[in-house]
Amino acid sequence: MTHPATTPPTTVPSNGVAPALLTGVAAGVILGILTQIGQGALPDDAASLLANSGGAWLVAAFVVGALMSSAGRAATAGAATLVAASFTYYEAVDLFEQVSSGPRGALIWSAAGVVAGPVFGAAGFWARHSPRGRPAAVALVGGVLVAEAMHLLWWVGVDTLRGVAAVELAIGAVVLAWALRLAGARRAPEVLGVAAAAWVAARLGTEAVDLVFSRV
């Protein structure tokens, strides 16, 4: 007796929006608190910046997205992570440093998180569950890390930050090299295109957030 051939599912079953939201919020709360603690605990300005890196927060959304069971839930969890981290960070500042920061910073960063969180959350899902989508998803992370490092090296121009920027640039380059290895020579232009688009988006996003902070 023979059994009919079966085709593996092309998508991972969904686990619902509510668990994705709860996971993202929980991760964001932890991220926000650790960011504030890290800023106070690390020994100097350059090291403290690592605790408040936009690239690090996006990587957190990417990791949370990788834990989800569908791209839609991953996008939801990514956004929830960054929004919760924004509000938690400023609440932690108020609590631990006994200062009133007001809602402005949390609202601005939350708005940025609503835009970037779904992208990086979904990228985390594809990096884990889609061999074809994995190189581009990894390249997205590498492009953002390189963009943030270059911003610190050339646009901010603060000597004490150059060391941490160089470390972040090296990490970003390693991530991009990994993406290229995953893609192979045939798909290398596609991966480089994703990395370049991520670089441009990160630069524009940084300028937009700086502009909003200066005007609001």
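Scroll up to find the structure.
Throughout what follows, the structure given in this document is the object of discussion. (Residues numbered from 1 in each chain as written. Predicted model: local features only at pLDDT ≥ 70, side-chain atom pairs only at ≥ 80, totals over all residues. Heavy atoms only, no water.)

## A few points about helix H7 (residues 162-215)
Between its first and last C-alpha, H7 extends only 28 Å over 54 residues, short of the 80 Å set by a 1.5 Å rise per residue. Within H7, the axis deviates most sharply at Gly184, by approximately 125°. (Helix = DSSP H or I, 4+ residues; strand = E, 2+ residues; numbered from the N terminus. Expected span 1.5 Å × (residues − 1). Bend = angle between axes of the 7 residues up to and from the residue.)

## Considering helix H1 (residues 17-41)
Between the first and last C-alpha of H1 there are 36 Å, a value that for 25 residues agrees with the 36 Å anticipated at 1.5 Å per step. Those residues of H1 that fall on the buried side of the exposure criterion are Ala20, Gly24, Gly28, Leu31, Gly32, Thr35, Gln36 and Gly38. The inward-facing, buried residues of H1 contact helix H3 (54-66) and helix H4 (71-97). (Buried < 20%, exposed > 50% of the residue type's maximum accessible area, 1.4 Å probe, protein only. Contact = heavy atoms within 4.5 Å.)

## What to know about the packing of aromatic side chains
Scanning the entire structure with this criterion turns up three aromatic pairs. Taking 6.0 Å as the distance between ring centres and 50° as the angle between the ring planes, the aromatic pair formed by Trp109 and Phe213 counts as tilted. Highlighted residues: Trp109 in helix H5 (residues 104-129) and Phe213 in helix H7, separated in sequence by 104 residues. For Trp109, a relative accessible area of 36% puts it in the partly exposed group. (Phe/Tyr/Trp six-rings, centres within 6.5 Å; stacked < 30°, edge-to-face > 60°.)

## Overview of the packing of H3 against H4
Two elements in contact, H3 and H4, have axes whose closest approach is 8 Å; the angle formed by their N-to-C orientations is 140°. In terms of orientation, H3 and H4 fall into the oblique class. Relative to H4, H3 is oriented so that their crossing is right-handed. Together, Trp57, Leu58, Ala61, Val64 and Gly65 of H3 and Ala74, Ala77, Gly78, Thr81, Leu82, Ala85, Ser86 and Tyr89 of H4 make up the contact between the two elements. (Axes fitted to C-alpha atoms, helices over the stretch in contact; angles between N-to-C directions. Parallel < 35°, antiparallel > 145°, perpendicular 65-115°, else oblique. Left-handed = near helix turned anticlockwise from the far one by under 90°.)

## Some details on the layout of surface pockets
Approximately 1100 Å³ is the volume attributed to the largest pocket. Of all the elements in the fold, those that place two or more residues in the lining of the largest pocket are helix H2 (45-50), H3, H4, H5, helix H6 (134-156) and H7. Sort the elements by how many residues they give to the lining of the largest pocket and H7 lands first, with 11 residues. Looking at the lining of the largest pocket, its residues break down into 24 nonpolar, nine polar and four charged. (1 Å grid on protein atoms, 1.4 Å probe; cavity = no way out; pocket = protein on both sides within 12 Å on 5 of 7 lines; lining within 4 Å. Points joined across faces, edges and corners; volume = space filled by probe spheres on them. Nonpolar A, V, L, I, M, F, W, Y, C, P; charged D, E, K, R; others polar.)

## Let's talk about the pattern of salt bridges
For the structure on display, the rule yields two salt bridges. For Arg187, the salt bridge goes to Glu190, with nearest N and O atoms at 2.7 Å. Remark: Glu190 and Arg187 occur in helix H7; sequence separation between them is three residues, near one turn of the helix. Glu190 sits in the partly exposed class, given a relative accessible area of 36%. (Salt bridge = Lys/Arg side-chain N within 4 Å of Asp/Glu carboxyl O.)

## Structural notes on the environment of Ile108
The residue Ile108 is located in helix H5 in this model. Judged by relative accessible area, which is 12%, Ile108 ranks as buried. Between the C-alpha atoms of Ile108 and Val216, which are 108 residues apart in sequence, the distance is 9.3 Å. Apart from residues lying up to four places away in sequence, Ile108 is in contact with Val209, Val212 and Phe213.

## Describing the nonpolar core
Counting residues in hydrophobic clusters, the biggest one holds 31 residues, and the most contacted among them are Trp57, Leu58, Phe62, Phe120, Val141 and Val144. At the level of elements, H3, H4, H5, H6 and H7 are the ones that each hand at least two residues to this core. Residue contributions to this core peak at eight residues, all from H6. In contact with Leu58, other than residues within four places in its own chain, are Leu82, Ala116, Phe120 and Val144. Judged by nonpolar contacts, the second largest core, of six residues, contains Ala20, Val64, Met68 and Phe125. (Core = buried A, V, L, I, M, F, W, Y, C linked by side-chain atoms within 4.5 Å.)

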